[in-house]
Amino acid sequence: CLVFLCFFSGMEKLIVCPYKRPNALCRLFCFPWAGGGTSQLAQWGKLFSSSVEVSCVRLPGRESRLKEPFAKDMTTVVNEITSVLLKELQEIPFAFFGHSFGSYISFAVALHLKEKYGLEPFHLFLSGAHAPHSEAFLPLKTMPISDAKDEEVLKYIEVLGGTPAELLQNEDIKKHLTLTVREDIRVLQTFSFEKAETNIPFSCDITCFNGSEDKSRDLEAWHDLTSGDISFYELPGGHFYLLEPSNETFLIKHITKCIENAGL
(Lines give C-alpha, C1' and ligand atoms only; values in the text may rest on other atoms or scores of the structure.)
Protein backbone atom coordinates (compact mmCIF):
# COMPACT_ATOMS: atom_id res chain seq x y z
CA CYS A 1 0.00 0.00 0.00
CA LEU A 2 2.84 2.38 0.92
CA VAL A 3 4.59 1.54 -2.35
CA PHE A 4 1.39 2.32 -4.24
CA LEU A 5 1.05 5.66 -2.42
CA CYS A 6 4.64 6.62 -3.23
CA PHE A 7 4.13 5.64 -6.87
CA PHE A 8 0.84 7.53 -7.00
CA SER A 9 2.30 10.72 -5.48
CA GLY A 10 5.27 10.49 -7.86
CA MET A 11 2.90 10.12 -10.81
CA GLU A 12 0.69 12.98 -9.60
CA LYS A 13 3.70 15.27 -9.31
CA LEU A 14 5.36 14.38 -12.58
CA ILE A 15 2.49 13.70 -14.98
CA VAL A 16 -0.44 15.89 -16.00
CA CYS A 17 -3.19 14.00 -17.80
CA PRO A 18 -6.47 15.97 -17.77
CA TYR A 19 -8.13 13.69 -20.35
CA LYS A 20 -7.78 10.14 -19.11
CA ARG A 21 -8.48 7.39 -21.67
CA PRO A 22 -8.78 4.07 -19.81
CA ASN A 23 -9.25 2.13 -23.08
CA ALA A 24 -6.43 3.84 -24.98
CA LEU A 25 -4.41 1.75 -27.43
CA CYS A 26 -1.34 3.92 -26.88
CA ARG A 27 0.00 6.81 -24.81
CA LEU A 28 1.63 9.99 -26.04
CA PHE A 29 3.96 11.67 -23.54
CA CYS A 30 4.76 15.33 -24.19
CA PHE A 31 7.86 17.17 -22.98
CA PRO A 32 7.69 20.99 -22.87
CA TRP A 33 10.29 23.59 -23.82
CA ALA A 34 12.76 25.37 -21.50
CA GLY A 35 10.86 27.40 -18.92
CA GLY A 36 7.63 25.73 -20.02
CA GLY A 37 4.89 24.12 -17.99
CA THR A 38 2.19 21.65 -18.90
CA SER A 39 -0.75 23.95 -19.72
CA GLN A 40 -0.35 23.85 -23.51
CA LEU A 41 0.62 20.29 -24.33
CA ALA A 42 -1.57 18.60 -21.69
CA GLN A 43 -4.59 20.10 -23.47
CA TRP A 44 -3.75 18.09 -26.58
CA GLY A 45 -5.57 15.22 -24.87
CA LYS A 46 -8.94 16.58 -25.98
CA LEU A 47 -7.80 16.84 -29.61
CA PHE A 48 -7.04 13.13 -30.07
CA SER A 49 -9.46 10.24 -30.34
CA SER A 50 -10.24 8.07 -27.32
CA SER A 51 -7.62 5.54 -28.49
CA VAL A 52 -4.78 7.94 -27.54
CA GLU A 53 -4.09 9.12 -23.99
CA VAL A 54 -1.97 12.27 -23.81
CA SER A 55 0.13 13.21 -20.78
CA CYS A 56 2.58 16.04 -20.22
CA VAL A 57 5.70 15.83 -18.05
CA ARG A 58 6.04 18.42 -15.28
CA LEU A 59 9.58 19.09 -14.07
CA PRO A 60 10.42 20.37 -10.55
CA GLY A 61 10.50 24.12 -9.91
CA ARG A 62 7.24 25.00 -11.66
CA GLU A 63 3.45 24.83 -11.28
CA SER A 64 2.48 22.48 -8.41
CA ARG A 65 6.21 21.64 -7.97
CA LEU A 66 7.16 25.28 -7.47
CA LYS A 67 8.67 24.71 -4.03
CA GLU A 68 10.88 21.82 -5.16
CA PRO A 69 14.47 22.60 -6.13
CA PHE A 70 15.24 22.56 -9.86
CA ALA A 71 16.89 19.43 -11.23
CA LYS A 72 20.67 19.77 -11.29
CA ASP A 73 21.42 17.63 -14.33
CA MET A 74 19.92 15.54 -17.11
CA THR A 75 20.61 12.25 -15.32
CA THR A 76 18.39 13.34 -12.39
CA VAL A 77 15.59 14.33 -14.79
CA VAL A 78 15.84 11.07 -16.76
CA ASN A 79 15.95 8.92 -13.61
CA GLU A 80 12.86 10.54 -12.11
CA ILE A 81 10.83 10.25 -15.32
CA THR A 82 11.90 6.66 -15.93
CA SER A 83 11.28 5.43 -12.39
CA VAL A 84 7.82 7.01 -12.20
CA LEU A 85 6.69 5.96 -15.70
CA LEU A 86 8.31 2.55 -16.10
CA LYS A 87 5.21 0.53 -15.17
CA GLU A 88 2.98 2.59 -17.51
CA LEU A 89 5.46 2.30 -20.35
CA GLN A 90 5.40 -1.48 -20.10
CA GLU A 91 1.59 -1.68 -20.32
CA ILE A 92 0.77 -0.39 -23.81
CA PRO A 93 2.74 1.15 -26.72
CA PHE A 94 3.90 4.74 -26.22
CA ALA A 95 5.27 7.64 -28.25
CA PHE A 96 7.11 10.83 -27.20
CA PHE A 97 6.65 14.40 -28.42
CA GLY A 98 9.16 17.03 -27.34
CA HIS A 99 9.68 20.64 -28.32
CA SER A 100 13.13 22.26 -28.14
CA PHE A 101 14.53 21.48 -24.63
CA GLY A 102 11.71 18.91 -24.37
CA SER A 103 13.04 17.11 -27.48
CA TYR A 104 16.40 16.57 -25.78
CA ILE A 105 14.74 15.31 -22.59
CA SER A 106 12.50 12.93 -24.54
CA PHE A 107 15.54 11.65 -26.46
CA ALA A 108 17.56 11.15 -23.25
CA VAL A 109 14.65 9.30 -21.59
CA ALA A 110 14.13 7.11 -24.69
CA LEU A 111 17.84 6.32 -24.79
CA HIS A 112 17.88 5.31 -21.11
CA LEU A 113 14.76 3.15 -21.55
CA LYS A 114 16.31 1.36 -24.52
CA GLU A 115 19.72 0.82 -22.93
CA LYS A 116 18.50 -0.25 -19.50
CA TYR A 117 15.12 -1.90 -20.13
CA GLY A 118 15.06 -2.73 -23.85
CA LEU A 119 11.96 -0.51 -24.18
CA GLU A 120 11.51 2.09 -26.90
CA PRO A 121 8.76 4.41 -28.10
CA PHE A 122 7.09 3.30 -31.32
CA HIS A 123 7.61 6.87 -32.58
CA LEU A 124 9.68 9.89 -31.55
CA PHE A 125 8.23 13.27 -32.55
CA LEU A 126 10.95 15.92 -32.17
CA SER A 127 10.39 19.62 -32.66
CA GLY A 128 12.80 22.56 -32.93
CA ALA A 129 15.89 20.55 -32.00
CA HIS A 130 19.27 19.63 -33.46
CA ALA A 131 20.37 16.02 -33.42
CA PRO A 132 22.22 15.79 -30.06
CA HIS A 133 25.45 14.44 -31.55
CA SER A 134 25.71 17.10 -34.27
CA GLU A 135 28.10 20.07 -34.39
CA ALA A 136 25.08 22.38 -34.37
CA PHE A 137 24.23 21.27 -30.82
CA LEU A 138 27.59 22.46 -29.42
CA PRO A 139 26.74 26.20 -29.14
CA LEU A 140 23.84 25.26 -26.82
CA LYS A 141 26.31 23.39 -24.62
CA THR A 142 28.59 26.40 -24.35
CA MET A 143 26.04 29.19 -23.86
CA PRO A 144 27.42 31.19 -20.89
CA ILE A 145 24.23 30.76 -18.91
CA SER A 146 25.82 30.75 -15.44
CA ASP A 147 27.33 34.20 -15.89
CA ALA A 148 24.53 35.71 -18.00
CA LYS A 149 22.66 38.61 -16.42
CA ASP A 150 18.90 38.29 -15.97
CA GLU A 151 18.41 40.91 -18.71
CA GLU A 152 20.37 38.74 -21.18
CA VAL A 153 18.32 35.64 -20.35
CA LEU A 154 15.14 37.71 -20.69
CA LYS A 155 16.29 38.99 -24.09
CA TYR A 156 16.86 35.38 -25.17
CA ILE A 157 13.30 34.50 -24.04
CA GLU A 158 11.87 37.50 -25.93
CA VAL A 159 13.78 36.67 -29.12
CA LEU A 160 12.51 33.07 -29.08
CA GLY A 161 8.94 34.29 -28.56
CA GLY A 162 6.19 32.07 -27.20
CA THR A 163 5.67 34.05 -23.98
CA PRO A 164 2.74 36.51 -24.00
CA ALA A 165 4.04 40.09 -23.55
CA GLU A 166 1.58 40.74 -20.71
CA LEU A 167 3.14 37.96 -18.64
CA LEU A 168 6.52 39.65 -18.95
CA GLN A 169 4.99 42.82 -17.49
CA ASN A 170 4.53 40.98 -14.20
CA GLU A 171 7.78 41.20 -12.20
CA ASP A 172 7.25 37.97 -10.24
CA ILE A 173 6.39 35.95 -13.37
CA LYS A 174 9.27 37.51 -15.28
CA LYS A 175 11.72 36.71 -12.49
CA HIS A 176 10.55 33.11 -12.14
CA LEU A 177 10.50 32.49 -15.90
CA THR A 178 14.05 33.85 -16.21
CA LEU A 179 15.21 31.56 -13.40
CA THR A 180 13.41 28.51 -14.87
CA VAL A 181 14.86 29.01 -18.36
CA ARG A 182 18.33 29.48 -16.87
CA GLU A 183 18.02 26.25 -14.84
CA ASP A 184 16.59 24.27 -17.76
CA ILE A 185 19.45 25.31 -20.03
CA ARG A 186 21.87 24.36 -17.26
CA VAL A 187 20.31 20.86 -17.25
CA LEU A 188 20.60 20.69 -21.04
CA GLN A 189 24.29 21.55 -20.83
CA THR A 190 24.92 18.49 -18.64
CA PHE A 191 23.61 16.21 -21.39
CA SER A 192 26.17 14.62 -23.65
CA PHE A 193 25.56 11.99 -26.25
CA GLU A 194 28.37 10.48 -28.29
CA LYS A 195 27.19 8.32 -31.12
CA ALA A 196 29.23 5.14 -31.32
CA GLU A 197 30.38 4.39 -34.86
CA THR A 198 28.52 1.11 -35.29
CA ASN A 199 25.65 1.61 -32.89
CA ILE A 200 22.25 2.86 -34.10
CA PRO A 201 20.38 3.41 -30.82
CA PHE A 202 16.77 3.20 -32.06
CA SER A 203 14.65 1.22 -34.48
CA CYS A 204 11.53 3.41 -34.12
CA ASP A 205 10.31 5.97 -36.68
CA ILE A 206 11.25 9.61 -36.06
CA THR A 207 9.48 12.76 -37.26
CA CYS A 208 11.23 16.14 -36.98
CA PHE A 209 9.34 19.45 -37.09
CA ASN A 210 10.71 22.97 -37.33
CA GLY A 211 9.38 26.51 -37.85
CA SER A 212 10.18 28.02 -41.27
CA GLU A 213 11.39 31.27 -39.67
CA ASP A 214 13.22 29.60 -36.82
CA LYS A 215 16.97 29.12 -37.14
CA SER A 216 17.76 26.10 -39.24
CA ARG A 217 18.41 22.92 -37.29
CA ASP A 218 20.69 20.02 -38.03
CA LEU A 219 17.85 17.61 -38.63
CA GLU A 220 19.63 15.40 -41.15
CA ALA A 221 21.87 14.00 -38.42
CA TRP A 222 18.80 12.39 -36.80
CA HIS A 223 19.14 9.85 -39.65
CA ASP A 224 22.13 8.38 -37.79
CA LEU A 225 20.06 7.55 -34.73
CA THR A 226 17.43 5.14 -35.99
CA SER A 227 17.06 2.28 -38.41
CA GLY A 228 13.37 3.24 -38.73
CA ASP A 229 11.83 5.73 -41.14
CA ILE A 230 12.50 9.41 -40.66
CA SER A 231 10.58 12.40 -42.00
CA PHE A 232 10.92 16.19 -41.78
CA TYR A 233 8.28 18.92 -41.80
CA GLU A 234 8.73 22.69 -41.85
CA LEU A 235 5.70 24.62 -40.64
CA PRO A 236 5.12 28.38 -41.00
CA GLY A 237 6.38 30.46 -38.07
CA GLY A 238 9.27 30.93 -35.68
CA HIS A 239 10.56 28.82 -32.81
CA PHE A 240 7.09 28.60 -31.26
CA TYR A 241 5.32 27.77 -34.53
CA LEU A 242 3.43 25.00 -32.66
CA LEU A 243 1.37 27.56 -30.68
CA GLU A 244 -0.36 28.64 -33.92
CA PRO A 245 -3.77 26.88 -34.08
CA SER A 246 -3.31 25.84 -37.74
CA ASN A 247 0.09 24.30 -36.98
CA GLU A 248 -1.25 22.60 -33.88
CA THR A 249 -3.98 21.05 -36.06
CA PHE A 250 -1.34 19.83 -38.52
CA LEU A 251 0.71 18.27 -35.68
CA ILE A 252 -2.31 16.47 -34.20
CA LYS A 253 -3.36 15.14 -37.62
CA HIS A 254 0.15 14.01 -38.47
CA ILE A 255 0.72 12.31 -35.11
CA THR A 256 -2.70 10.60 -35.43
CA LYS A 257 -1.77 9.33 -38.91
CA CYS A 258 1.56 7.97 -37.63
CA ILE A 259 -0.23 6.19 -34.77
CA GLU A 260 -2.75 4.66 -37.20
CA ASN A 261 0.05 3.55 -39.53
CA ALA A 262 1.85 1.91 -36.61
CA GLY A 263 -1.00 -0.63 -36.56
CA LEU A 264 -1.18 -0.89 -32.78
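Each remark here, short or long, concerns the structure printed above.
What counts as what
Residues numbered from 1 in each chain as written. Predicted model: local features only at pLDDT ≥ 70, side-chain atom pairs only at ≥ 80, totals over all residues. Heavy atoms only, no water. Helix = DSSP H or I, 4+ residues; strand = E, 2+ residues; numbered from the N terminus. Contact = heavy atoms within 4.5 Å. Areas by Shrake-Rupley, 256 points an atom, 1.4 Å probe, with all protein chains shown as cover. Lys, Arg positive; Asp, Glu negative; His and termini not counted. Charge placed at Lys NZ, Arg CZ, Asp CG, Glu CD. Expected span 1.5 Å × (residues − 1). Buried < 20%, exposed > 50% of the residue type's maximum accessible area, 1.4 Å probe, protein only. Polar contact = N/O pair within 3.5 Å; in protein donor to acceptor, adjacent residues only side chain to side chain. Salt bridge = Lys/Arg side-chain N within 4 Å of Asp/Glu carboxyl O. Core = buried A, V, L, I, M, F, W, Y, C linked by side-chain atoms within 4.5 Å. Pairing = 2+ DSSP bridges. Disulfide = S-S within 2.5 Å. Axes fitted to C-alpha atoms, helices over the stretch in contact; angles between N-to-C directions.

Chemist: Lay out the overall build of the chain with the relevant residues and their values.
Modeler: Assigned secondary structure in the chain consists of eight helices and seven strands. Of the contacts formed within the chain by residues at least 6 apart in sequence, a portion of 78% connects residues at least 24 apart. Within the structure as shown, the chain displays about 12,800 Å² of accessible surface, and the carbon and sulfur contribution to it stands at 55%. Taking the average place of the 25 positive charges on the side chains of the chain and the average place of its 34 negative ones, the gap between the two points comes to 6 Å.

Chemist: Describe helix α4 (residues 101–117), with residues and values.
Modeler: If you check α4, its first and last C-alpha atoms are 24 Å apart, about what 17 residues at 1.5 Å a residue would give, namely 24 Å. For α4, a buried count of 13 out of 17 residues is recorded, marking the element as mostly surrounded by other parts of the structure. Once α4 finishes, Gly118 follows within two positions and takes phi at roughly 65°, a positive value.

Chemist: Which residues make up the environment of Thr249, and what are the values?
Modeler: By secondary structure assignment, the location of Thr249 is in helix α8 (residues 245–261). The exposure class of Thr249 is partly exposed, given its relative accessible area of 41%. Here the side chain of Thr249 touches Pro245 through a polar contact of 2.9 Å, landing on its backbone oxygen.

Chemist: Talk me through the pattern of salt bridges; I want residue IDs and the actual numbers.
Modeler: Applying the stated criterion across every chain, the model contains 13 salt bridges. Measuring nitrogen to oxygen at the nearest pair gives 2.8 Å for the salt bridge that ties Arg65 to Glu80. Of this pair, Arg65 sits in the loop between β3 (52–57) and α3 (74–91) while Glu80 sits in helix α3; the two residues are 15 residues apart in sequence, bridging distant segments of the chain. Side by side, Arg65 and Glu80 carry an identical accessibility label, which is buried. One salt bridge connects Glu171 with Lys174, and the closest N-O pair in it is separated by 3.2 Å. One end of the pair is Glu171 and the other is Lys174, both in helix α7 (residues 171–189) and three residues apart, which spans about a single turn. When salt bridges that share partners are traced, they join Arg27, Glu53, Lys87, Glu88 and Glu91 into one network.

Chemist: Residue-level account of the nonpolar core, with values.
Modeler: One finds Met74, Ile81, Phe96, Ile105 and Trp222 to be the most contacted residues of the largest nonpolar core, which totals 48 residues. For this core, the secondary-structure elements that each account for two or more residues are α1 (2–14), β2 (26–31), α3, β4 (94–99), α4, β5 (123–127), α7 and β6 (205–211). Per element, the largest residue contribution to this core is nine residues, and it comes from α4. Listed in part, the 26 residues of the second largest apolar core include Leu28, Trp44, Cys56 and Ile259.

Chemist: Now, about the pairing of β6: what can you tell me, with residues and values included?
Modeler: A large share of β6 lies buried, amounting to six of its seven residues. Summarising the sheet, β5 and β6 pair through five bridges and their orientation is parallel. Residue pairing in the sheet places His123 in a bridge with Asp205 of β6. Bridge analysis of β6 against strand β7 (residues 230–235) gives six bridges, and the strand direction is parallel. Following the sheet pairing, Cys208 is matched in β7 by Phe232.

Chemist: How would you explain unusual backbone geometry if you had to name every residue and give the values?
Modeler: The bulk of non-glycine residues show a negative phi, and the bulk of peptide bonds are trans. The phi dihedral of Glu63 is positive, around 50°, even though this residue is not glycine. With respect to the helices and strands, the residue Glu63 is situated in the loop between β3 and α3. We note that Ser100 has phi near 60°; this positive angle belongs to a residue other than glycine.

Chemist: Tell me about the state of the cysteines, and name the residues and values.
Modeler: Taken as a whole and judged by the stated rule, the model has zero disulfides. For the unlinked cysteine Cys17, the closest cysteine sulfur is that of Cys30, found at 10 Å. Unpaired in terms of disulfides, Cys56 finds its nearest cysteine sulfur in Cys30, a separation of 5.8 Å.

Chemist: Help me get a handle on the sheet that holds β6, residues and values and all.
Modeler: Read across the sheet, seven strands follow the order β1-β3-β2-β4-β5-β6-β7 without closing on themselves; strand pairing throughout is mixed. The open sheet has two free edges, formed respectively by β1 (15–16) and β7, since each of these has just one partner strand. Pairing between β2 and β4: five bridges, direction parallel. By the bridge assignment for β4, Leu28 is matched with Ala95. Lying on the sheet, α4 is in contact with β2, β4 and β5; it crosses β4 at an angle near 150°.

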